[in-house]
Amino acid sequence: MPQASSRPVSDRPSRTIQLGFHALAEPLRLEVIHILDTQELCVCDLCDRLNLSPSKLSFHLRALRQANLVVSRQEGRWVYYRLNRPQFQALMDYLAQFTSGDIAMGRVCS
């Protein structure tokens, strides 16, 4: 029977990791990420591309900001968003710990 891997696995993911996966679980937020993959955009352009009201988009952008998946900057009265690529790498690094190593067999229940 294989032994469990000795690699360290956190008991609980950090709050930022949890927020990241929560944010990625919403299809509309994935659309926002897809759009922002190649360019920074202002909220008005995102609203136009997604055919959303500013208030609905704001709700989803807040979740992406809290998860540190996007960053914003203000220029005059316009707010621009872009992806925070290092945070996506952090999510991939977290998942990578589950891609290798042996899994110990469970005990037989009586």
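Thresholds applied
- Residues numbered from 1 in each chain as written.
- Predicted model: local features only at pLDDT ≥ 70, side-chain atom pairs only at ≥ 80, totals over all residues.
- Heavy atoms only, no water.
- Helix = DSSP H or I, 4+ residues; strand = E, 2+ residues; numbered from the N terminus.
- Buried < 20%, exposed > 50% of the residue type's maximum accessible area, 1.4 Å probe, protein only.
- Contact = heavy atoms within 4.5 Å.
- Areas by Shrake-Rupley, 256 points an atom, 1.4 Å probe, with all protein chains shown as cover.
- Salt bridge = Lys/Arg side-chain N within 4 Å of Asp/Glu carboxyl O.
- Pairing = 2+ DSSP bridges.

Draft legend 1. Focus on the overall build of the chain. Each helix and strand counted, the chain has five helices and three strands in total. Along its sequence from the N terminus, the chain presents helices and strands in the succession α-α-β-α-α-β-β-α. Projected onto its principal axes, the C-alpha coordinates of the chain cover approximately 65 × 30 × 20 Å. Classification of the 110 residues of the chain by burial places 30% in the buried group. Contacts in the chain between residues far apart in sequence, at least 24 positions, make up 60% of those at least 6 positions apart. Summed over all atoms, the accessible surface of the chain reaches about 7700 Å², with 52% contributed by carbon and sulfur.

Draft legend 2. Main features of the environment of aspartate 102. With respect to the secondary-structure elements, aspartate 102 resides in the segment after helix H5 (85–96). The class for aspartate 102 is partly exposed, based on a relative accessible area of 49%. A C-alpha to C-alpha distance of 24 Å links aspartate 102 and glutamine 89, two positions 13 residues apart in sequence.

Draft legend 3. The arrangement of the pattern of salt bridges in detail. Following the criterion strictly, the structure yields four salt bridges and no others. One salt bridge in this structure joins glutamate 40 and arginine 82, with 3.6 Å as the shortest N-O distance. Linking glutamate 40 in the loop between helix H2 (27–36) and strand E1 (41–42) with arginine 82 in strand E3 (residues 78–83), this pair joins segments that are 42 residues apart in sequence. Of the residues examined, glutamate 40 reaches a relative accessible area of 27% and is grouped as partly exposed.

Draft legend 4. Representation of the pairing of E3. One ladder, built from two bridges, connects E1 with E3; its direction is antiparallel. Along E3, the bridge assignment pairs cysteine 42 with tyrosine 80. Examined bridge by bridge, strand E2 (residues 70–75) and E3 share six bridges and lie antiparallel to one another. Within E3, the residue paired with glutamine 74 across the bridge is valine 79. Following E2, the chain reverses through two residues before pairing antiparallel with E3; glycine 76 in that reversal takes a positive phi of roughly 65°.

Draft legend 5. Quick peek at unusual backbone geometry. Backbone geometry places asparagine 51, a non-glycine residue, at a positive phi of 55°. Of note, asparagine 51 is situated in the loop between helix H3 (43–50) and helix H4 (54–66). The phi dihedral of asparagine 68 falls on the positive side, at around 65°, and the residue is not glycine. Using a relative accessible area of 32% as the deciding quantity, one classes asparagine 68 as partly exposed.

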